[in-house]
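Analysis of the macromolecular model
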Amino acid sequence: MKHIVPALRRNLTHAAGREPAPKGQKRPTHDGHEPALTISVASYNVHKCVGTDGVFNPGRVLNVVLELGADIVALQEADQRFGSRKGLLDLKALYEKGGYRSVLDQGSRKLSHGWHGNVILYRETAGNVANVHKMTLPGFEPRGAVLVDFEFSGLPLRIIGAHLGLLKSSRARQAEAILHAAHPVDDRAVILLGDTNEWRTGGRSALRPFDPHLSDVDMTIASFPSRFPLWPLDRVLTNRHVTVYEMQAVETELSRIASDHLPVRAVIGVTRGIAAAQGGA
């Protein structure tokens, strides 16, 4: 038990009802610059739209996504597991009700919404998509990641949505592959959103290859299982160009039942210094 992660200790306390749901600590602004852009991001494993009550209900998941109100949302397990791998969410309704579009025209199969179940949604009013790259990750299970370059108010931002494997050895290899792809030639801000399937922190974690290039800065917030969150499986990892103001697992009556994971949401800032490096203002 001496290796139990701090997130587990504090969330056991929360689950027992002795204190409110924890939030991640604020990371100081880097290099003394104030952020020129502040947006919200979220990650949500929707469990193929099967809730903790065993009921398949995509409408509940859609409403949870809308409740998040984030500018960018990375979803995992958004397609059927077998067969045609058909997409499970009503993308038209997400656009009509929340202004969200998917970065992918097509996923892993003709009827898929996601790449190995990974979908990245964004609000057109917030930013534009410059480039999309679909990655196949190494490991025992079929896994993938989606890498997207955005421009928000003229600031470049790289978002990676991923769902890592169940085996620790696979997760370590997948972390190395993602890290290799994460580094843009122009040194822009990078954010990784996803279900890492990793509850450990520090030296025993399979995510160790990310450190210090992509870090969660003591923001390992328990998100699984949704009815009694103990394990910090869902992460928001950022590089040095991003200021993370707040991160929390969004725990509502609806989110506790819509999936076996709670969504995690973070407010982040990108500084003007990055835009200057790109020749911006």
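As a starting point, this report considers the structure included with it. (Residues numbered from 1 in each chain as written. Predicted model: local features only at pLDDT ≥ 70, side-chain atom pairs only at ≥ 80, totals over all residues. Heavy atoms only, no water.)

1. Thoughts on the overall build of the protein
For the protein, the count of helices and strands is six helices and eleven strands. Each of the 281 residues in the protein was classed as buried or not, and the buried ones make up 54%. Expressed as a percentage of contacts within the protein between residues at least 6 apart in sequence, the contacts between residues at least 24 apart total 71%. Total accessible area on the protein is roughly 12300 Å²; 51% of this is exposed by carbon and sulfur atoms. (Helix = DSSP H or I, 4+ residues; strand = E, 2+ residues; numbered from the N terminus. Buried < 20%, exposed > 50% of the residue type's maximum accessible area, 1.4 Å probe, protein only. Contact = heavy atoms within 4.5 Å. Areas by Shrake-Rupley, 256 points an atom, 1.4 Å probe, with all protein chains shown as cover.)

2. Concerning the pairing of strand E11 (residues 264-271)
With six of its eight residues buried, E11 lies for the most part within the structure. Direction of pairing for strand E1 (residues 35-45) relative to E11: antiparallel, over a ladder of eight bridges. By the bridge assignment, Val41 is partnered in E11 with Ala266. Note that strand E10 (residues 242-249) and E11 share seven bridges and pair antiparallel. Looking across to E11, one finds that Met247 is bridged to Ala266. (Pairing = 2+ DSSP bridges.)

3. Quick notes on the pattern of salt bridges
Inspection of the entire model under this criterion finds nine salt bridges. Between Arg101 and Glu124 there is a salt bridge whose closest N-O contact spans 2.7 Å. A residue pair is termed long-range when its members are at least 10 positions apart, and Arg101 in strand E3 (residues 100-102) and Glu124 in the loop between strand E4 (119-123) and strand E5 (128-137) qualify at 23 residues. Since its relative accessible area comes to 35%, Glu124 is described here as partly exposed. The closest approach of N and O atoms between Arg171 and Glu198, which form a salt bridge, is 3.3 Å. With Arg171 in helix H4 (residues 168-182) and Glu198 in the loop between strand E8 (189-195) and strand E9 (234-238), this residue pair connects regions lying 27 residues apart in the sequence. By the burial criterion, Arg171 is buried, and Glu198 matches it. Among the charged side chains, a network of salt bridges with common partners joins Asp149, Arg158 and Arg188. (Salt bridge = Lys/Arg side-chain N within 4 Å of Asp/Glu carboxyl O.)

4. Observations regarding unusual backbone geometry
With the exception of glycine, most residues fall at negative phi, and the peptide bonds are largely trans. For the bond from Phe224 to Pro225, the omega torsion is -10 degrees, close enough to zero to count as cis. Looking at the secondary structure, you find Pro225 in the loop between E8 and E9. Positive phi values are uncommon outside glycine, yet Glu77 reaches one of about 60 degrees. Structurally, Glu77 is set in the loop between strand E2 (72-76) and helix H3 (91-98). Residue Glu77 is classed as buried on the basis of its relative accessible area of 18%. Even without glycine at this site, His116 takes up a positive phi of about 55 degrees.

5. Digging into the sheet that holds strand E7 (residues 155-163)
Within the open sheet, the five strands sit side by side as E5-E6-E7-E8-E9. Their pairing is mixed. Strands at the two margins of the open sheet, each flanked by one partner only, are E5 and E9. Each adjacent strand pair in this sheet contributes to an overall mean axis angle of 15 degrees, direction not counted. Relative to E9, E8 is paired through five bridges, and the arrangement is antiparallel. Of the residues in E9, the one forming a bridge with Ile191 is Thr238. Sitting on the sheet, H4 touches E5, strand E6 (143-152), E7 and E8, and the angle it makes with E5 is about 150 degrees. (Axes fitted to C-alpha atoms, helices over the stretch in contact; angles between N-to-C directions.)

6. Considerations on the packing of aromatic side chains
In total, this model carries three aromatic pairs according to the counting rule given. Taking 5.4 Å as the distance between ring centres and 55 degrees as the angle between the ring planes, the aromatic pair formed by Phe150 and Phe152 counts as tilted. Exposure class is identical for Phe150 and Phe152. Each is buried. Look at Trp199 and Trp231: their rings are 6.3 Å apart centre to centre, the planes differ by 65 degrees, and that puts the pair in the edge-to-face class. You can see Trp199 sitting in the loop between E8 and E9 and its partner Trp231 sitting in the loop between E8 and E9, a full 32 residues away along the chain. One cation-aromatic arrangement involves Arg101 over Tyr95; the distance from NZ or CZ to the ring centre is 4.1 Å. (Phe/Tyr/Trp six-rings, centres within 6.5 Å; stacked < 30°, edge-to-face > 60°. Lys NZ or Arg CZ within 6 Å of the ring centre and 35° of its normal.)

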